[in-house]
Amino acid sequence: MYESILVPIDGSAGSEEALTHGIDLADHYGATVHLVHVVDEDVYGHYGGIDAIEHAEEALEESGREALEQARARVESASLPVETHVEHTTTHEGIVDTARQVGADLIVMGTEQRSAEYERFIGKVSDRVLKTSPIPVHLVKAEG
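Per chain, the residues get numbers from 1 upward, laid out in the order the sequence is written. Predicted model: local features are reported for residues with pLDDT of at least 70 only, side-chain atom pairs are reported and counted for 80 or more only, and whole-chain, interface and lining totals are derived from all residues. Derived side-chain values reflect all non-hydrogen atoms in the structure, with water molecules and hydrogen atoms excluded from consideration.

What follows is about the packing of aromatic side chains. Note on aromatic contacts: the rings of Phe and Tyr and the six-membered ring of Trp form a pair at centre separations within 6.5 Å, being stacked when their planes are under 30 degrees apart, edge-to-face when over 60 apart, and tilted otherwise. Within this structure, the stated rule accounts for 1 aromatic pair. Relative to Tyr 29, the ring of Tyr 2 has its centre 5.1 Å away and its plane inclined at 85°; by these criteria the two rings are edge-to-face. One end of the pair, Tyr 2, is in the segment before strand S1 (4-8); the other, Tyr 29, is in helix H1 (residues 13-29), with 27 residues separating them in the sequence. For Tyr 29, a relative accessible area of 31% corresponds to the partly exposed category. Strands are runs of DSSP state E lasting at least two residues, helices are runs of H or I lasting at least four, and both sets are numbered from the N terminus onward. Partly exposed residues are those whose accessible area sits between 20% and 50% of the maximum for their type, while under 20% is buried and over 50% is exposed, using a 1.4 Å probe and protein chains only.

Now the structure itself:
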């Protein structure tokens, strides 16, 4: 049923839970796992000055690459094929665009309770992905 599963990774408890589900589904269906980290332009674009923006972008990309490498190791330890991707756009667009590019059959992503300020500033990424994704989205609620 699924040949390609996309799991967005941001280092949060929600993405860790989603990765667990994504690995289980990929193992069951013999699918490739695609991991994506999106360096969100909406986040670093709100920092002041060009130097601050560049520093914020670099820091967000580096922490994302570290989270991707940890996730890659988990997928590889399950003996599953895995590919990683880093995108620079808004989070929901990066997830949906990557799903299209890799021909994903399913997006498995976590949800997390965020502060009211975060949700006003960024919004609920999972809601935006659900509304714009042309493929099924499996939401995994983080414990806690």
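Glancing now at the nonpolar core. With 20 residues, the main nonpolar core has Ile 5, Val 7, Ile 9, Leu 19, Leu 35 and Val 75 as its most contacted residues. Looking at this core, the elements that each hand over two or more residues are S1, H1, strand S2 (32-40), helix H3 (50-77) and strand S4 (106-111). Those residues in contact with Ile 9, other than ones at most four positions away along the chain, are Ser 15, Leu 19, Leu 35, Val 36, His 37, Ala 67, Leu 68 and Ala 71. The next biggest cluster of nonpolar side chains, apart from the first, holds 13 residues, and it includes Leu 6, Ala 104, Val 125 and Val 129. By convention a nonpolar core is built from buried Ala, Val, Leu, Ile, Met, Phe, Trp, Tyr and Cys residues, the set being connected through side-chain atoms within 4.5 Å. Between two residues, a contact is recorded if the distance between any of their heavy atoms is within 4.5 Å.

Sheet strands line up and pair through hydrogen bonds in the backbone, either parallel or antiparallel. Taken together, 5 strands build an open sheet; the order of strands is S3-S2-S1-S4-S5 and the sheet is parallel. Edge positions in the open sheet fall to strand S3 (82-89) and strand S5 (137-141), since each of these has one partner strand only. Direction aside, the axes of adjacent strands within the sheet are offset by 25° on average. By the convention used here, strands pair only if DSSP detects at least 2 bridges between them. The pairing of S4 with S5 spans 5 bridges and is classified as parallel. What sits directly across from Thr 111, in S5, is Lys 141. Helix axes are fitted to C-alpha atoms over the stretch in contact, other axes to C-alpha atoms as well, and angles between N-to-C directions run from 0 to 180 degrees. On top of the sheet, H1 reaches S1, S2, S4 and S5; it is set at about 150° to S4, its chief contact.

This part takes up the pattern of salt bridges. A side-chain nitrogen of Lys or Arg and a carboxyl oxygen of Asp or Glu constitute a salt bridge if their distance falls within 4 Å. Taken as a whole and judged by the stated rule, the model has 5 salt bridges. A salt bridge links Arg 74 to Glu 16, with the nearest nitrogen and oxygen atoms 2.9 Å apart. With Arg 74 in helix H3 and Glu 16 in helix H1, the pair connects residues that are 58 residues apart, well separated along the chain. Between Arg 72 and Glu 69 there is a salt bridge whose closest N-O contact spans 4.0 Å. Highlighted residues: Arg 72 and Glu 69, both in helix H3, separated by 3 residues, approximately one helical turn. Residue Glu 69 is classed as partly exposed on the basis of its relative accessible area, which comes to 47%. Within this structure, Glu 69, Arg 72 and Glu 76 form a network of salt bridges that share partners.

Relative to the elements of secondary structure, Asp 27 occurs in helix H1. The spatial distance from the C-alpha of Asp 27 to the C-alpha of Leu 80 is 6.9 Å, given a sequence separation of 53 residues.

Moving on to the side chain of Ser 15. Mapped onto the elements of the fold, Ser 15 is located in helix H1. Taking relative accessible area as the criterion, Ser 15 reaches 4% and is therefore assigned buried. N or O atoms within 3.5 Å of each other form a polar contact, as long as, within protein, one can give a hydrogen and the other can take it, and as long as residues adjacent in sequence are counted only when both atoms are side-chain atoms. Only 3.3 Å separates the side chain of Ser 15 from the backbone nitrogen of Gly 11, close enough to count as a polar contact. Here Ser 15 is in contact with Pro 8, Ile 9 and Asp 10, once residues within four sequence places are set aside.

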